[in-house]
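Observations on chain architecture
The lines below spell out each chain.
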Amino acid sequence: MRGTYDTPKRSHVIKTRLDDEEYKFFLLKCKAYGMNQSEMIRTSLDKLVINPVIKFSPVNKELLSKIDELITEGKRIGNNLNQIARALNSGFPDQSIESEIRRALGDLAE
């Protein structure tokens with residue numbers, strides 16, 4: 001007469017193939033934790049942590065390229081603003097140029 005086990009009934013079977021090294025590693029882990037193969041798989045699934053790998057599609061690469069272009073353009077604008085600020089602080093011989101630059105800066109700020 002066969003003994004009865006106090007375990008839930010399981011009806012799904014999962015199959016996989018391992019090479020010799022993977023199988024040795026799996027058996028060593030089973031032995032180290034004192035588990036049979038089924039227990040090891042079920043416990044591993046419960047404790048499994050997967051670090052996602054983000055892959056960029058061609059659309060994302062194009063988007064990143066555009067963002068890089070905008071950053072470069074922003075740096076150019078910053079350089080221009082610094083040059084304008086230096087020029088304003090050093091004074092202009094022609095007041096019309098200074099007023100035009102101040103108006104342009106106001107437009108840019110808006």
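Residues numbered from 1 in each chain as written. Predicted model: local features only at pLDDT ≥ 70, side-chain atom pairs only at ≥ 80, totals over all residues. Heavy atoms only, no water.

1. Description of the layout of surface pockets
Note the threshold: Every definition here rests on a 1 Å grid over the protein atoms only: cavities are sets of points where a 1.4 Å probe fits but cannot get out, pockets are open sets enclosed by protein on both sides within 12 Å along at least five of seven lines, and lining residues have some atom within 4 Å of a point. Grid points are joined across faces, edges and corners, and a volume is the space filled by probe spheres set on the points. The helix count covers DSSP runs of H or I at least four residues long, the strand count covers runs of E at least two residues long, and both are numbered beginning at the N terminus. Throughout, the ten residues Ala, Val, Leu, Ile, Met, Phe, Trp, Tyr, Cys and Pro are labelled nonpolar, Asp, Glu, Lys and Arg are labelled charged, and all others, Gly among them, are labelled polar.
Counted as a void, the largest pocket has a volume near 570 Å³. Along its surface, the largest pocket is lined by 19 residues, and Ile-14, Gln-37, Ser-38, Ile-41 and Arg-42 are the ones closest to its centre. Contributing elements (two or more residues each) for the lining of the largest pocket: helix H1 (20-33) and helix H2 (37-47). In terms of residue count, H2 provides more of the lining of the largest pocket than any other element does, 7 residues in total. Grouping the amino acids of the lining of the largest pocket by side-chain chemistry returns 9 nonpolar, 6 polar and 4 charged.

2. Comments concerning the environment of Phe-26
Examined against the element boundaries, Phe-26 turns out to sit in helix H1. For Phe-26 and Ile-41, which are 15 residues apart along the polypeptide, the C-alpha to C-alpha distance reads 9.6 Å.

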